[in-house]
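Now for the letters of each chain:
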Amino acid sequence: TALSILRHLLSSEFEKADRETADLFLRFAQDKTPVSDLRRILEELIGQFEPVLRHNGITKEDYEEIKIQLDLIDRYHVLADLEADFNVFLSKIKEKMTVVKNLRLEQNLDQAIEYINTHFDQDLSLEEVAEHANLNASYFSTTFKKYTGSNFVTYLMNLRIDHAKRLLSDPSCKILQIAQESGFHDTRYFAKTFKKNVGITPSEYRNIVLQLNKESE
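Now for a quick tour of the structure. Computed from a predicted model, the values in this text were never measured in an experiment. (Residues numbered from 1 in each chain as written. Predicted model: local features only at pLDDT ≥ 70, side-chain atom pairs only at ≥ 80, totals over all residues. Heavy atoms only, no water.)

## Focus on helix α8 (residues 152–168)
An α-helix turns once every 3.6 residues. As a result, residues three or four positions apart point the same way. Its 17 residues place the ends of α8 24 Å apart at the C-alpha level, agreeing with the 24 Å of an ideal helix rising 1.5 Å per residue. Buried residues belonging to α8 abut α5 (79–119), α6 (126–132), α7 (137–148), α9 (175–181), α10 (187–198) and α11 (202–216). Its side-chain oxygen 3.2 Å from the backbone nitrogen of Val 153, Asn 151 forms the N-cap of α8. (Helix = DSSP H or I, 4+ residues; strand = E, 2+ residues; numbered from the N terminus. Expected span 1.5 Å × (residues − 1). Contact = heavy atoms within 4.5 Å. Polar contact = N/O pair within 3.5 Å; in protein donor to acceptor, adjacent residues only side chain to side chain.)

Okay, here's the thing in structure tokens:
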């Protein structure tokens, strides 16, 4: 039961963990288990929680803070009181697990963004970036959009277009070179995509930028 509750907590299946806990205390009530025995059982259960939770990101200090609720477990003499405080204990664990999970997800997404930002000139797939960030591709796709405000394809395309714009302001850079360095390996596709996103062709954009630079001198 302890491992089952733990498994649900680690998987963020909190409702299942709650049901397992409710079933556990229901069995205690039906079996008329003495409270003294319950205290011993729960102490053993709590002891199994600590190493697993600490391995999954909850610090010793956080766990000790959570466990304060049940540190004086021998004071309980009524099953309902013991169940109530055990549920408070589990609620605090859920809060900490959620914080740890969100922090890890942010770190994974930041890692993915850094990878995209430094490899946008190469052929990149969502699956490759997700794997680099240690995330499932489907989950990565959903969370990446929430985190950045853009889906993967749009984010990558905007990055490439912005890089191309910077290179187009340099008259010494040829269109073919700009296309390749921006992640487009076909100049016709580059021109078509650039116009779709910017509204004008790369050559027209370059002429406008160079003219504006000339006028500002």
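Right, picking up where we left off after that structure.
## Structural notes on the nonpolar core
It is characteristic of soluble globular proteins that their nonpolar side chains tend to be buried jointly. Among the nonpolar cores identified, the biggest contains 24 residues, and Phe 49, Leu 53, Phe 86, Phe 89, Leu 90 and Ile 93 are the most heavily contacted of them. Contributions of two or more residues to this core are made by α1 (2–10), α2 (14–31), α3 (35–55), α4 (60–67) and α5. Counting residues per element, this core draws most heavily on α5, at seven residues. (Core = buried A, V, L, I, M, F, W, Y, C linked by side-chain atoms within 4.5 Å. Buried < 20%, exposed > 50% of the residue type's maximum accessible area, 1.4 Å probe, protein only.)

## Here we look at the packing of aromatic side chains
Within the structure shown, the criterion is met by 12 aromatic pairs. Centroid distance Phe 25 to Phe 86: 5.8 Å. Interplanar angle 50°. Geometry classified as tilted. Taken together, the residues span a long stretch of sequence, with Phe 25 in helix α2 and Phe 86 in helix α5 at a distance of 61 residues. This pair shows no difference in class: Phe 25 is buried, exactly as Phe 86 is. Each ring, one from Phe 184 and one from Tyr 189, has its centre 5.9 Å from the other, and the planes form 55°; the classification is tilted. The buried category is assigned to Phe 184, whose relative accessible area is 1%. Three or more aromatic residues joined by ring pairs form one cluster here, namely Phe 25, Phe 28, Phe 49, Tyr 63, Phe 86 and Phe 89. (Phe/Tyr/Trp six-rings, centres within 6.5 Å; stacked < 30°, edge-to-face > 60°.)

## Brief notes about the packing of α3 against α4
In contact at an axis separation of 10 Å, α3 and α4 are set at 150° when each is read in the N-to-C sense. Classified by the angle their axes make, α3 and α4 are roughly antiparallel. By crossing handedness, the relation of α3 to α4 is classed as right-handed. Judged by residue contacts, Ile 46, Phe 49, Glu 50, Leu 53 and Arg 54 of α3 engage Lys 60, Tyr 63, Glu 64 and Lys 67 from α4. Of the residues that constitute the contact of α3 with α4, the class distribution is four nonpolar, no polar and five charged. (Axes fitted to C-alpha atoms, helices over the stretch in contact; angles between N-to-C directions. Parallel < 35°, antiparallel > 145°, perpendicular 65-115°, else oblique. Left-handed = near helix turned anticlockwise from the far one by under 90°. Nonpolar A, V, L, I, M, F, W, Y, C, P; charged D, E, K, R; others polar.)

By themselves, these are just geometric observations and shouldn't be taken as functional.
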